[in-house]
Amino acid sequence: MPPKIRPIPLPTGYLAQGFEQVLDIYTEQFSKGVERGSSFAAYYKGQPVVNLWGGLADEQLHRPWKEETVGFFFSTTKLIASVTVAHLVERDLLRYEDKIAKYWPEFSQNGKDNITLEMLMSYKAGLAAFSENFELKWMRENPKKLSDLLAKQAPLTEPGESVAYSPHIVGLYLSEIVKRVDQKGRSLAEYFKEEIGRPFGIDFYIGLPKHLQYRAARLEPKTVAKEDLMKMMETFKGDISLYRLAFSQPKDFLSTRSMNGPDFMCLPNPSSHGVGSALGVAKLAGILANGGKHEGKTLLLPESIARLQEPMSHGIDLTTGGSNINGRGTWLIPVVEGQKMWCMFGHAGFGDQCGAADPHYKVGWAYTTNYIDQTVAYTNVNKWRALLDVLFQCIHKLEGIDVERRLLFSYTEVEKERRSLTQTSKL
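Because the structure is predicted, anything quoted here is derived from the model rather than measured. (Residues numbered from 1 in each chain as written. Predicted model: local features only at pLDDT ≥ 70, side-chain atom pairs only at ≥ 80, totals over all residues. Heavy atoms only, no water.)

1. Notes on the sheet that holds strand β5 (residues 71-74)
Here's step 1: The strand order β5-β8-β6 describes an open sheet built from 3 strands, whose pairing is antiparallel. Where the open sheet ends on each side, the last strands, each with one partner, are β5 and β6 (204-206). When the angles between neighbouring strand axes are averaged without regard to direction, this sheet yields 25°.
Here's step 2: With 3 bridges connecting them, β5 and strand β8 (residues 274-276) associate as antiparallel partners. Within the sheet, the bridge partner assigned to Phe72 lies in β8 and is Val275. (Pairing = 2+ DSSP bridges. Helix = DSSP H or I, 4+ residues; strand = E, 2+ residues; numbered from the N terminus. Axes fitted to C-alpha atoms, helices over the stretch in contact; angles between N-to-C directions.)

2. Notes on empty space enclosed by the protein
Here's step 1: Within the structure shown, the criterion is met by 3 cavities of 30 Å³ or more.
Here's step 2: In this structure, the largest cavity spans a volume of roughly 60 Å³.
Here's step 3: Lining the largest cavity, in full, are Lys78, Ala81, Ser82, Met121, Tyr123, Val170, Gly171, Leu174, Pro270 and Gly329.
Here's step 4: Elements represented by at least two residues in the lining of the largest cavity include exactly α2 (77-90) and α6 (169-181).
Here's step 5: Considering only enclosed or pocket space, the second largest cavity measures out at about 40 Å³ in volume. (1 Å grid on protein atoms, 1.4 Å probe; cavity = no way out; pocket = protein on both sides within 12 Å on 5 of 7 lines; lining within 4 Å. Points joined across faces, edges and corners; volume = space filled by probe spheres on them.)

3. Concerning the layout of surface pockets
Here's step 1: In this structure, the second largest pocket occupies an estimated 490 Å³ of space.
Here's step 2: Every residue lining the second largest pocket is counted, 23 residues in all, and those nearest its centre are Arg140, Ser187, Ala189, Glu190 and Pro268.
Here's step 3: Secondary structure elements with two or more residues in the lining of the second largest pocket: α4 (138-141), α5 (143-152), α6, α7 (188-197) and β6.
Here's step 4: Residues belonging to the lining of the second largest pocket are distributed by class as follows: 14 nonpolar, 4 polar and 5 charged. (Nonpolar A, V, L, I, M, F, W, Y, C, P; charged D, E, K, R; others polar.)

4. Examining α6
Here's step 1: Here α6 spans 19 Å end to end across 13 residues, near enough to the 18 Å set by a 1.5 Å rise per residue.
Here's step 2: For α6, the complete set of buried residues consists of Ile169, Val170, Gly171, Leu172, Tyr173, Leu174, Ser175, Glu176, Ile177, Val178 and Val181.
Here's step 3: Buried residues belonging to α6 abut α2, α3 (117-121), α4, α5 and α7. (Expected span 1.5 Å × (residues − 1). Buried < 20%, exposed > 50% of the residue type's maximum accessible area, 1.4 Å probe, protein only. Contact = heavy atoms within 4.5 Å.)

Right under this line is the structure:
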């Protein structure tokens, strides 16, 4: 007899009144087979309004996704890292405009003496990768070796001249900088946990401790046909050698499933190793979108949040071939509604993870899935888009707004839209 096909659990969770349509669309995604395991959450004006989860957290064991399940956010972790750095900037321990060598003299080696913190965070420092491969486990086993490698690395492109995204090592640089300015000598992951995560009740960890790993969803990467990969490479607009170098590192992270390993999962890399609930990331983004305060405590001042929304770099990215708009460690997502345009700010993560804040509506949202699709960076076909669309349809209805909402994904689109809005306003 053929094996019995077991149904995938449909989504469930919590919805505030007026947001029921989000569950309808989410359920439809599962029924169509678009979704197999994920969670989506949102905060609105300081309150949780959506917290949904469904499908399988572990396909091999048919373990269902539960409220306590946490997902791997990969580069969405960079949003959390940018908030942590902003927290230190606000306390006058760092300045975005300062040269990194001011805090870390050894960093000035090999042509890096004029690189500033904001150049590093907006991917204009030329530090997309190491010239030689490395192992991420050095964070635990040989931190001095890793620190020395970071300090001596020469820029791979001229600092300040071009945009070159760093998948893995930008977070390693930021953690070294944080250690040198924090009075307790904490890493970025430790500082986040003690100064932001724990005080604000944010269910997110940079490196998931082993005693909590029972909560983690098990990653299931989608198989990509060789022909599809070749098609993506044919239209690649960046520097193919830089792409290959950056994404062939580190040695111990050449498979998506590496993150399922207990020893690897707990490494505190602020570039890639964030693990948490969608509700946790949505809460953090929601606090930022709502002015930085939550339950009488201030996470960041409005002026600090505003600096996370400022565009710092754009254009063709030499590492990814994409054309994102980068802030100070954030990814900016332009929104157009009628004659208005503003930016959500957050960060996408490998395989279709994402989290962002929309300060215009005071909304924070996040999505995480364990069914990894590595093609979304090139296709822009994101499973979270349908959920985000219906979320804001609900908000529009609650606020009595009738307007089309569109997202833009490049500076070229922004410039085109600005010209269109200017022409329309003259009519």
